[in-house]
Amino acid sequence: MIRSQAVGMLQAGSSQKFVSLKLGVNIRTVQRWWRLFKNDLTLENKGGRGRKSSISKVAKIVITKSIGKNDSLTVYRYLTKEKGVKSYKRQRQPVITEKNMAARLKFCKERVNWTANDWKNILFTDESPFELNHPPNRKNDCVWARNALDVEPVQMVKFPKKIQVWGMMSHRALSELHFIPVGQTVSAEYYVSEILGKTLMSTMNRKRERGTVVERKMLKICPVRYFNKMALQLTRQT
């Protein structure tokens, strides 16, 4: 139960903010659970609360009568065969604000007349966290076996470690991955000195024309002064 898990984490010394982020629960809800626990009150919802059933009484009777019979899939068959519908998972869609739309439109208008050669001078960078000992997808990660005991378990830890990785790509090559040390905040100063100053510039200054994509040089025509200017702007923001 998520409420008991939250209380257990708080008892172990975790902060309410950490529990809120870890369990995906509003921090006010975590505070309320903790207050109930400290006052020796139940964490269970009171009777009558919660989402009301959207199934009519007649539908409940029909579904109940199908239990234990060969027609236990009557509802499913009716919906799929007679009505031609199927079950779908709701897709996630990011919220785009007016500010986001204006910024994207401005970006497109400024580059609407760019040619392929113009885009060849652009470097695309991104960073992403990767979780070590990531739990398997219980729906898709399946093993065929005659008995559940024949399936080798997956070793898990309660709080798996994460690493932050930065990378860059362009028309002709890829940079080596930059692994950000655990606990390191990617400030403007760190980004300029460690990522732009070392990983990016070492990639830009390659001399080899042969080798793998992380060994040969980048574009023959690429304005290095642009990155020096960008580094200066980031430094001024700190």
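What counts as what
- Residues numbered from 1 in each chain as written.
- Predicted model: local features only at pLDDT ≥ 70, side-chain atom pairs only at ≥ 80, totals over all residues.
- Heavy atoms only, no water.
- Salt bridge = Lys/Arg side-chain N within 4 Å of Asp/Glu carboxyl O.
- Helix = DSSP H or I, 4+ residues; strand = E, 2+ residues; numbered from the N terminus.
- Buried < 20%, exposed > 50% of the residue type's maximum accessible area, 1.4 Å probe, protein only.
- Phe/Tyr/Trp six-rings, centres within 6.5 Å; stacked < 30°, edge-to-face > 60°.
- Lys NZ or Arg CZ within 6 Å of the ring centre and 35° of its normal.
- pLDDT = per-residue confidence, 0-100.
- 1 Å grid on protein atoms, 1.4 Å probe; cavity = no way out; pocket = protein on both sides within 12 Å on 5 of 7 lines; lining within 4 Å.
- Points joined across faces, edges and corners; volume = space filled by probe spheres on them.
- Nonpolar A, V, L, I, M, F, W, Y, C, P; charged D, E, K, R; others polar.
- Expected span 1.5 Å × (residues − 1).
- Arc of directions from axis to C-beta.
- Contact = heavy atoms within 4.5 Å.
- Polar contact = N/O pair within 3.5 Å; in protein donor to acceptor, adjacent residues only side chain to side chain.
- Pairing = 2+ DSSP bridges.
- Axes fitted to C-alpha atoms, helices over the stretch in contact; angles between N-to-C directions.

The protein is annotated in an unreviewed UniProt entry as Transposase Tc1-like domain-containing protein from Oopsacas minuta.

*Asks:* Would you take a moment to explain the pattern of salt bridges for this structure?
*Replies:* Where charged atoms from two side chains of opposite charge come close, those side chains can pair. One pass over the full model with this rule turns up two salt bridges. Glutamate 194 serves as the salt-bridge partner of lysine 198, at 3.0 Å between the closest nitrogen and oxygen. One end of the pair is lysine 198 and the other is glutamate 194, both in helix H8 (residues 188–204) and four residues apart, which spans about a single turn. Assessed through its relative accessible area of 48%, lysine 198 is described here as partly exposed.

*Asks:* It is not clear to me how the packing of aromatic side chains should be interpreted in this structure. Could you clarify?
*Replies:* The geometry of an aromatic ring pair is captured by the separation of the ring centres together with the interplanar angle, meaning the angle of the planes. All told, the structure shown has two aromatic pairs when counted by the stated rule. Across from the ring centre of tryptophan 114, 5.3 Å away, lies the NZ or CZ of arginine 111, which sits over that ring.

*Asks:* What is the right way to read the confidence of the model for the protein from this model?
*Replies:* In low-pLDDT segments, the atomic positions of the prediction should not be examined closely. Looking at the protein, pLDDT values average 78 and 80% of them are 70 or higher. The secondary-structure element of the protein with the lowest mean pLDDT is helix H9 (residues 224–237), recorded at 57, while helix H6 (residues 98–110) shows the highest, at 94.

*Asks:* Would you explain the layout of surface pockets in this entry?
*Replies:* Think of a ball as big as a water molecule: rolled over the atoms, this probe shows where empty space is left. Within this model, the largest pocket holds a volume of roughly 300 Å³. What lines the largest pocket is simply Pro135, Pro136, Asn137, Arg138, Asp141, Cys142, Val143, Val151, Glu152, Pro153 and Val154. Along the lines of polarity and charge, the residues of the lining of the largest pocket split into seven nonpolar, one polar and three charged.

*Asks:* Help me understand helix H3 (residues 27–38) in this model?
*Replies:* Three- or four-residue spacings in an α-helix give side chains the same orientation, since the helix completes a turn every 3.6 residues. For H3, spanning 12 residues, the distance from its first C-alpha to its last is 17 Å, which sits close to the expected 16 Å at 1.5 Å a residue. Within the sequence span of H3, burial applies to Thr29, Val30, Trp33 and Trp34. Along the axis of H3, the buried residues cluster in a sector spanning 135°; they form a single face. Seen from the open side of H3, the exposed residues pointing more than 90 degrees away from its buried face are Arg28 and Lys38. Here the buried face of H3 lies against helix H1 (2–11) and helix H2 (16–23). The residue sitting at the N-terminus of H3 and contributing the capping side-chain oxygen is asparagine 26; that oxygen lies 2.8 Å from the backbone nitrogen of arginine 28. Backbone geometry just after H3 places aspartate 40 at a positive phi near 60°.

*Asks:* Would you mind going over the sheet that holds strand S1 (residues 124–131) with me for this structure?
*Replies:* Two modes of strand pairing occur in sheets, parallel and antiparallel, and in both the strands are linked by backbone hydrogen bonds. Here three strands make up an open sheet; going across it, the order is S1-S2-S3 and the pairing antiparallel. Single-partner strands in this sheet number two, and they are S1 and strand S3 (178–180). Sheet twist, expressed as the average angle between the axes of neighbouring strands with direction ignored, equals 25°. Of the strand pairs in this sheet, strand S2 (residues 162–169) and S3 are connected by three bridges, and their pairing is antiparallel. Directly across from glutamine 164, in S3, lies its bridge partner isoleucine 180. The sheet contacts of H8 involve S1, S2 and S3, and relative to S2 the element is tilted by about 45°.

*Asks:* What am I meant to see in the pairing of S2 here?
*Replies:* Side-chain positions along a regular strand alternate between the two faces of the sheet. The pairing of S1 with S2 spans eight bridges and is antiparallel. In the sheet register, threonine 125 faces S2, and the bridge partner there is methionine 168.

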